[in-house]
Amino acid sequence: MIEIVFSTHARVARRQVLLTGVLALALGWADPVILPALLAQTAAAREIEGVVTGPKGPEAGVWVIAETTDLRTKFVKIVVTDDRGRYVLPELPKANYSVWVRGYGLVDSPKSTAVPGAKLNLTAVPAPSARAAAEYYPAGYWFSLLRVPDKKEFPGTGPKGNGINPLVKSQADFLRTLKSGTCWACHQLGSKGTRAIPAALGHFPNSVAAWDRRIQSGQAGGQMSAALDQLGRPRALAMFADWTDRIAAGEVPPAPPRPQGVERNVVITEWDWADPKAYLHDEVSTDRRNPRVNANGSIYGSLELSADYLPVLDPVANATSQVPLTVRDPETPVAQPPQMAQPSPYFGSDAPWTSRNNVHNPMFDEKGRVWITSTVRPSANPSWCKAGSALASAKLFPLERSGRQLAMYDPKTGKLTHISTCFGTHHLMFAEDANNTLWTSGGGPVVGWLDTKMFLETGDEQKSQGWTALILDTNGNGKRDAYVEPDQPVDPAKDKRILAGLYSVAPAPDGSVWGTVLGYPGAVVRLNPGSHPPETALAELYELPWENPKAAVQGFSPRGGDVDRNGVFWAALASGQLASFDRRKCKGPLNGPTATGQHCPEGWTFFSEPLPQLKGVTYAGSAGASYYTWVDQFNTLGLGANVPINTGNAAEGLLALKDGKWVVLRVPYPLGFYSKWMDGRIDDPSAGWKGRELWATVSTRAPFHMEGGKGQTSKVLKFQLRPDPLAR
C-alpha cells in the first residue's frame, strides 16, 4: 500500500471539492445529468476555447499559447489543436491573457487578449518562406546541418595536419566529446543564440575569427576554449564557421512533422522561477519511490554554479520564493571563479555565477524533506576519511578529497542541515530499503551512500555514511576478495578494481544500484551492495557495444540513465539514441575473467531519437543528444508504467518511448527548451488526467540564448496528458 502524503494546498483543494459536492446534494443537484453539466460549466469558466483556421481551413496540430503577467510570476499555458482546428486551454487562473497560434509551416499569429470563460477563434498565418517557417524548428534540426569531419579524417593529425586533436581516434569519439562531454552538456547548439554570431560580439575578418572570440566569452570561456582544444581547435573552428556561414546564406533544415495522435493531448503549464542571471540544473516535485508524496505541493530547484538558493514554486498560488543556502565552513570557495578571457556579449565583464554550494541535484524523501548534493566545505577531507580512520569504508579505501557533499532542507521547520561526506556527490536517489539509503554518484573511484534513517535518528554523519570501490568478481567465486588494480592485468585468482566513476545513479527494486559511466564508448555499472557493504559490494560492468562485431545494432557514450521496475536500465546516448540494457538477456557468465565489459552485447537495444542525422554521419542514431533518461515507473504521465523518457535537449521537448514509438512532448514557447531532469507526481489518483503530471525545468546554462534573449529566465514546466485534445 502506498501512503498518500498531501501538502496544505492539497488539503484545501480536497476540502473545496467536498464542499462543492455537499452543496450540490443540499440543492438537489446530484442528478446524474444536472451535476455533470454544472461541473462542466464550472470548468468552462476557467477555460479559453475556440477554433484555429488558416487560408485552407482548420489548422490541425498547431499550438495555442496563452500568457499572462498578471499573477505573482509569469504564467503560460500551451495546448494543441485537434484535427478540426479546435482547442481548449484548461484550468486558467483568473487573469488577462495574450493568446496566439504557433506551428510548423506558420509564423506567429497576432496576439489576441482574452480572459477565462471566453470563446476565441484565431487565424493562423502561413509562413511566407521556408526560412521564416524554420525559425520555429527545434535546435536539433538546425544542428543537423553541421558538417562533421569525415570518418577518413581520424585519428586526428594535430594543428600542423588536419587540425583534429590526435587523441580523438574516430568520428564517434569526436561526436561524443561535442555532444556529451562539452558543448551540449551545458546548452543547445542550433538555438537562435548559437546558430548566428551575435552582433554585440563585434566585427571580425571571417567567421573562424568570430567563433574563436565567441567561445572565450564570459565565465565559462575557459571551459569552452578547452573544449575546442579537446576536439582540435583549428578543425572545430572551421566546422562551426562553415555551419553558421551556410545558415547565414539561407540553408534551412528539413521540416519536422506537426504533433500527431496522443501528442495533441498534451497540456503544458509554465512558470518563471529564477532571476535572469541564474540558471537551473534540476527540479524535484515528489519522492521517486512514491509519487503521491507532496501532492499539489511546492517544487524545488537547484541552481548549480549560479546562485546560493533553492528556487521554489507554489503551483497552486502561482507564486515563487527562495530557500537561502549556507556552507558550514566560511573558507568554502566560489565554485566558478569570476575570471574570464573575454567579456560576454550579454553581461560584459560582470561575473553572474557566484555559488559556493554548487547544488546539482535535489530529491524528496518519504516525509517531504529535500535532500541536495551541495558543497558545504573546502574539498580537503577530514582525518576520519583518510588512512588510519576507524570507519570501515576508510579502512578499505581511504579518500583524500570530496568536491561536493550533501545537505537536507526540511520545509516544515525551515532548517537546513549540512552533511560532510568523504566521497564526492553529483546525483542522488533513495533506495527502497528500511534505512532509506541515499545513494550518490560523483564519487570518482567510489560510490557513496548515506543511511538517512541512522542520520536522522543520531545526527552522526560519520557513522551514517559509507562508500565502496568498484570491484569486479573476476575470479568468479561470487564474493569479494583481494583484487588487482585498474592498471594491472586480470588475475583469474583475484578480483579486479575498475575506474568507472558513476555519473547517474539509480537504485533498483531488487536492491542493486545502477549508474552510467561517461566516456567512449562508455558503460553502465550494476552494483550489488551485498549484506554488509562495503566489504561485500561487487560490481558488474557492461560497456556499450560500439565496434563490437557481435552487436547487430550499436551506439556509444551514455549520459544520464534510470532503471525500470523490471530491472531494465535505460540511458541517453551521445550517438543520438536511447539505449536499454536488459541483464536477463545475457547468454554468458556475468562474472569471471571474461566478464569485463564487452561480454553481453545481446543485452542492448537502441532507439534513434526522432531527429535528422548530422551531415557526414552514416551510422544509426541522430543529431540528438539527450542529457538524461528518466523512467516513469508509476504511470505519472498517463502513457503507462515503466515508460522511459529522454530529456530531448535537441528536440526542445521531452521524448517518451511508448511501445517502441516516440511521443514528442514539444515545448514551442519560448524557443530553446533544454532540460536535464524530470520527475512525475500523482496529486490525485482519482482526478484523471488533472491529477497526474511530469515536472521539468529549463536547465540551459545560457537562458539568454532562448527566445527573448538577455533577461530571459529559467522556467519550471508541468506536462499533462489529456484523453483527447478537448478534454476538460
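So, here is what we can say about the structure in this document.

What counts and what doesn't
- Every chain's residues receive numbers from 1 upward, in the order its sequence appears when written.
- Per-residue local features of the predicted model are confined to residues with pLDDT of at least 70, and side-chain atom pairs are confined, for both listing and counting, to 80 or more; whole-chain, interface and lining totals are unaffected and use all residues.
- To get the side-chain values, all heavy atoms of the structure are used, and hydrogens and water are removed first.
- Each helix is a run of DSSP H or I of at least 4 residues and each strand a run of E of at least 2, with the numbering of both proceeding from the N terminus.
- Remark: exposure states derive from per-residue accessible area (1.4 Å probe, protein chains only) relative to the maximum for the residue type, with buried under 20%, exposed over 50%, and partly exposed in between.
- The contact definition used throughout considers only heavy atoms, calling two residues in contact when any of these lie within 4.5 Å.
- Any pair of nitrogen or oxygen atoms within 3.5 Å is treated as a polar contact; in protein, a donor-acceptor pairing is required on top of that, and neighbouring residues in sequence qualify only through side-chain atoms on both sides.
- Two strands are counted as paired when DSSP detects at least two bridges linking them.

Moving on to the environment of R246. Mapping R246 onto the fold places it in helix 8 (residues 233-248). Exposure remark for R246: the relative accessible area of 13% places this residue in the buried category. A C-alpha to C-alpha distance of 38 Å links R246 and P549, two positions 303 residues apart in sequence. Ignoring any residue separated from it by four or fewer positions in sequence, one finds R246 in contact with L145, L146, R147, E251 and K615. At 2.7 Å, the side chain of R246 and the backbone oxygen of L145 are in polar contact.

Quick look at the pairing of strand 38 (residues 678-682) now. In summary, the side chains of a regular strand alternate between the two faces of the sheet. In terms of burial, strand 38 is a largely internal element, five of the five residues being buried. On strand 38, burial covers both faces: M678, G680 and I682 on one face and D679 and R681 on the other are all buried. By the bridge criterion, five bridges tie strand 38 to strand 39 (residues 692-697) in an arrangement that is antiparallel. What sits directly across from M678, in strand 39, is A696.

Let us now look at unusual backbone geometry. Between Y520 and the following residue, P521, the backbone shows a cis peptide bond with an omega angle of 5°. Examined against the element boundaries, P521 turns out to sit in the loop between strand 27 (513-517) and strand 28 (523-528). Following Y669, the chain continues to P670 via a peptide bond in cis, the omega torsion being -15°. Looking at the element boundaries, P670 is found in the loop between strand 37 (661-666) and strand 38. A positive phi angle, near 50°, is found at E91, a position not held by glycine. The topology assignment puts E91 in the loop between strand 5 (86-89) and strand 6 (97-102).

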